[in-house]
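Fold and geometry: a report
The residues making up each chain are set out below.
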Amino acid sequence: DAGVTQSPTHLIKTRGQHVTLRCSPISGHKSVSWYQQVLGQGPQFIFQYYEKEERGRGNFPDRFSARQFPNYSSELNVNALLLGDSALYLCASSPTMTTYNEQFFGPGTRLTVL
Amino acid sequence: DQQVKQNSPSLSVQEGRISILNCDYTNSMFDYFLWYKKYPAEGPTFLISISSIKDKNEDGRFTVFLNKSAKHLSLHIVPSQPGDSAVYFCAASDRGSTLGRLYFGRGTQLTVWP
């Protein structure tokens with residue numbers, strides 16, 4: 001069975017640009033969460049989507065947005081990129097909103113902002 | 001605000017010995033705790049969890065202990081194997097209010113040497 005997939009693997013952008021990151025959850029999983037992991041830190045929660053609706057949002061500015069599609073895949077969008085947005089962006093899927101011990105992570109997208 | 005803390009950035013243990021990874025938390029509303037393992041270029045992988053109604057949970061070589069009064073949990077790995085070398089993240093959740101959101105510590109790099 002395919003796990004959580006994310007694309008692209010790596011991305012280099014310059015300040016002020018916009019970026020879209022993509023995530024495909026495990027088949028049958030309806031919940032997708034996004035996390036940002038800055039070097040030397042643990043993952044920080046950005047969003048959770050369930051059944052195509054935003055169910056939770058972390059302390060991130062409005063430059064960060066996301067959506068979930070009918071097939072439960074998800075996109076994370078970041079506008080007006082800052083140097084501090086450089087991080088590993090992780091996507092996690094789970095069958096429901098609250099299935100904590102079955103929250104599977106993808107390998108992440110490494111974003112570098114120059 | 002770092003609500004989950006892993007104060008040891010690294011731990012080095014000889015193969016066959018016990019590895020003990022520690023984690024402290026500040027939010028008394030946290031009622032579910034998880035440990036994830038992360039290899040380079042991969043997403044975090046769920047390892048073991050514990051609910052706040054328990055003080056111990058065991059799964060093979062891995063045991064998690066929870067001390068609610070001290071707001072402290074630990075992961076014991078016995079016996080340690082070289083393949084256990086990875087970054088270990090402690091995570092917590094308040095299932096009553098922040099559905100699906102996990103709060104992570106900064107991680108501890110475990111190195112198991114032969």
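Use the structure listed above.
Just so it is clear, the structure is predicted and the values come from calculations on it, not from any experiment. (Residues numbered from 1 in each chain as written. Chains lettered and ligands numbered in written order. Predicted model: local features only at pLDDT ≥ 70, side-chain atom pairs only at ≥ 80, totals over all residues. Heavy atoms only, no water.)

1. Section: the state of the cysteines
Using the following cut-off: Throughout, disulfides are identified as pairs of cysteine sulfur atoms within 2.5 Å of each other. Helix numbers and strand numbers start at the N terminus; a helix is a DSSP run of H or I with at least 4 residues, a strand a run of E with at least 2. Relative accessibility decides the category of a residue: with a 1.4 Å probe and only protein chains considered, values under 20% of the type maximum give buried, values over 50% give exposed, and everything between is partly exposed.
By the definition in use, this model includes 2 disulfides over all chains. Paired by a disulfide, A:C23 and A:C91 hold their sulfur atoms 1.8 Å apart. An S-S torsion of about -60° defines the bridge between A:C23 and A:C91 as left-handed. You can see A:C23 sitting in strand β3 (residues 19-24) and its partner A:C91 sitting in strand β9 (residues 87-94), a full 68 residues away along the chain. By relative accessible area, which is 1% here, A:C23 ends up buried. At a sulfur-sulfur separation of 2.0 Å, the disulfide partner of B:C23 is B:C90. One disulfide, between B:C23 and B:C90, carries an S-S torsion of -75° and so falls in the left-handed class. Taken together, the residues B:C23 in strand β3 (residues 19-25) and B:C90 in strand β9 (residues 86-93) connect sequence positions 67 residues apart. Across the pair, B:C90 and B:C23 agree in class, each one buried.

2. Some remarks on the layout of surface pockets
Just so we agree on the cut-off: Grid points spaced at 1 Å over the protein atoms alone were grouped into cavities, where a 1.4 Å probe fits but cannot get out, and pockets, open sets with protein on both sides within 12 Å along at least five of seven lines, with lining residues defined by an atom within 4 Å of a point. Grid points are joined across faces, edges and corners, and a volume is the space filled by probe spheres set on the points. Three categories are distinguished: nonpolar for Ala, Val, Leu, Ile, Met, Phe, Trp, Tyr, Cys and Pro, charged for Asp, Glu, Lys and Arg, and polar for the others, with Gly belonging to the last.
When its volume is computed, the largest pocket comes out at roughly 560 Å³. Mapped by element, the contributors of at least two residues to the lining of the largest pocket are β11 (109-113) of chain A together with β1 (4-5), β9 and β11 (108-113) of chain B. Among the residues forming the lining of the largest pocket, the class breakdown is 12 nonpolar, 13 polar and 4 charged.

3. What about the sheet that holds β3(A)?
All names here are of chain A. The criterion, for reference: At least two DSSP bridges between two strands are required for those strands to pair. Where helices are involved, their axes are fitted lines through C-alpha atoms of the stretch in contact, as for all axes, and angles between N-to-C directions lie from 0 to 180°.
The antiparallel open sheet is built from 4 strands, whose spatial order is β1-β3-β8-β7. Taken across any chain shown, the strands that pair with only one partner, and hence form the sheet edges, are β1 (5-7) and β7 (64-68). Across the sheet, the axes of successive neighbouring strands diverge by a mean angle of 15°, strand direction being ignored. Here 5 bridges tie β7 to strand β8 (residues 74-78), and the two strands are oriented antiparallel to one another. Following the sheet pairing, R67 is matched in β8 by E75.

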